[in-house]
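# A closer look at the structure
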Amino acid sequence: MRVLIVEDEEDLAEMIADGLRADGMTPDIALDGARALEMTAAADYDILVLDRDIPMIHGDALCRSLNIAGYPARILMLTAAGALEDIVEGLGHGADDYLAKPFSYLELVARLRALGRRGVAGTPVVFERRGVRLDTVRRLAERDGRLLRLTAKELAVLEALLAADGGLVSTADLIDIVWDGEVDPSSTVPKVTIHQLRRKLGDPPLIETSQGLGYRI
C-alpha cells in the first residue's frame, strides 16, 4: 500500500513512516496541507494518514477537497482531538476512519490494513502473488489455478499476508487483524492457523517465517 502521512510533527511523521516501511508499505510525508495537496495531485495514494490541525491548509479542508474531487484514497484522521464530537465532525468531512492521539502503532497498522482491504468503494479487491490468487469479494483462493478449501480464519490470514505485498506480518498484527485483538498474545492459535494454511497451500512452501518478527509470502 502507498500511504501519505500528512503530519506537521516531523519526528512523529518519520517514526510512523519507518514503521510502515518495515511493515511492507510505501510511505511518503507531507508536513503541511499545501504540500499534501501537491503530492496527491501528482500521485495516487491508497491511504492518507491525516492530522487535522496542520498548517497552510487545515486537515478538514483538505479532506473535503479530496472527497469533492473524487480522489480515490481512503482517509484516516490521526489527531489529538479525540472527543466524540471531534470524531463525528471529522467523519462528517469525509474521513473513512478516525484515531485519536496518543495511539497504539499496532492499532494504526491494523486500521490501515483494514482500510486497504476495502479498496476503492465498489471495486472488487483481488490479491495475486507468487501463484496465489485471492478474490476478497467472492472469498475464493487459488494456487496455480487449484482451488484452496480454506476456513474463514485461514482466508483472513492469507489476505493479511498478501496485502503486505512481501512485507512481514507479525503475530501481534495477525491477532489484531484476524482475531480483532481477542486472542491472547501467548496463544498458539495464530501459529496453528499458519501451519494449516501452509499445508493447504502445498509445495513448494510459500509462507516464510522470520523468527521473532513474523511471516511473509
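Residues numbered from 1 in each chain as written. Predicted model: local features only at pLDDT ≥ 70, side-chain atom pairs only at ≥ 80, totals over all residues. Heavy atoms only, no water.

## A word on the sheet that holds strand β5 (residues 97-100)
Strand-to-strand pairing in sheets goes through backbone hydrogen bonds, with the strands running parallel or antiparallel. A sheet is described by the order of its strands in space; here five strands give the open sequence β2-β1-β3-β4-β5, paired in parallel fashion. Each end of this open sheet is capped by a strand with a single partner; those strands are β2 (26-30) and β5. Neighbouring strand axes in the sheet, compared pairwise and without regard to direction, differ in orientation by 20° on average. Sheet analysis places strand β1 (residues 2-6) next to β2, joined by five bridges and oriented parallel. Looking across to β2, one finds that I5 is bridged to I29. The sheet contacts of helix α3 (residues 59-68) involve β1, β3 (47-50) and β4 (74-79), and relative to β4 the element is tilted by about 175°. (Pairing = 2+ DSSP bridges. Helix = DSSP H or I, 4+ residues; strand = E, 2+ residues; numbered from the N terminus. Axes fitted to C-alpha atoms, helices over the stretch in contact; angles between N-to-C directions. Contact = heavy atoms within 4.5 Å.)

## Some points on unusual backbone geometry
Cis geometry is adopted by the peptide bond preceding P102, which originates at K101 and carries an omega value of -5°. Within the secondary structure layout, P102 lies in the loop between β5 and α5 (105-118). Here the residue pair D203 and P204 is connected by a cis peptide bond, since its omega of -10° sits within 30 degrees of zero. The phi dihedral of M56 is positive, around 75°, even though this residue is not glycine. Of note, M56 is situated in the loop between β3 and α3. A positive phi angle, close to 50°, is found at R130, a residue other than glycine. Looking at the element boundaries, R130 is found in the loop between β6 (126-129) and β7 (132-135).

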